[in-house]
Amino acid sequence: MARTVLIRFIGERGKAYYYLKLGPMDLANPPEREFQGGDEVVVRMEATSAKPDRVDMVFQDGEFAIEVPREFFDVVSDMPGR
């Protein structure tokens, strides 16, 4: 089930970095989005059926990342009505 949530990336700003590949994974050089520890972002998140420790995310601008490891972030809160 998909839900809209506020997430916070794990770790300290300036010490932890995350690079999420965006779009379909069959692209030769998919674009990336960079986050640092402590960054917060609202995403539409859905569990993947193949890998229970990963989720698919859609950002507010419509870009998406698939199979993002849950260990990268904590869910801070649900965003009802979004």
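Our subject in this report is the structure included herewith. (Residues numbered from 1 in each chain as written. Predicted model: local features only at pLDDT ≥ 70, side-chain atom pairs only at ≥ 80, totals over all residues. Heavy atoms only, no water.)

All chains considered together, the criterion is met by eight salt bridges. Close ionic contact of Arg 8 with Glu 40 constitutes a salt bridge, the shortest N to O distance being 2.6 Å. One end of the pair, Arg 8, is in strand β1 (residues 3-9); the other, Glu 40, is in strand β4 (residues 40-47), and 32 residues separate them in sequence. Arg 8 sits in the partly exposed class, given a relative accessible area of 35%. Between Arg 13 and Asp 39 there is a salt bridge; the shortest N-O distance is 2.4 Å. On the criterion of sequence distance, the pair formed by Arg 13 in the loop between β1 and β2 (17-21) and Asp 39 in the loop between β3 (32-36) and β4 is long-range, its members being 26 residues apart. Assessed through its relative accessible area of 18%, Asp 39 is described here as buried. Here the salt bridges share partners, and the residues they tie into one network are Arg 33, Asp 61 and Glu 63. (Salt bridge = Lys/Arg side-chain N within 4 Å of Asp/Glu carboxyl O. Helix = DSSP H or I, 4+ residues; strand = E, 2+ residues; numbered from the N terminus. Buried < 20%, exposed > 50% of the residue type's maximum accessible area, 1.4 Å probe, protein only.)

Below, the discussion takes up a nonpolar patch on the surface. On the surface, Met 25, Val 58, Phe 64 and Ile 66 cluster together to form a nonpolar patch covering roughly 300 Å² of accessible area. Relative to the assigned elements, Ile 66 resides in strand β6 (residues 64-69). You can call Ile 66 partly exposed: its relative accessible area is 31%. (Patch = residues over 30% accessible without salt bridge, like charges linked within 9 Å, V, L, I, M, F, W, Y side chains within 5 Å. Areas by Shrake-Rupley, 256 points an atom, 1.4 Å probe, with all protein chains shown as cover.)

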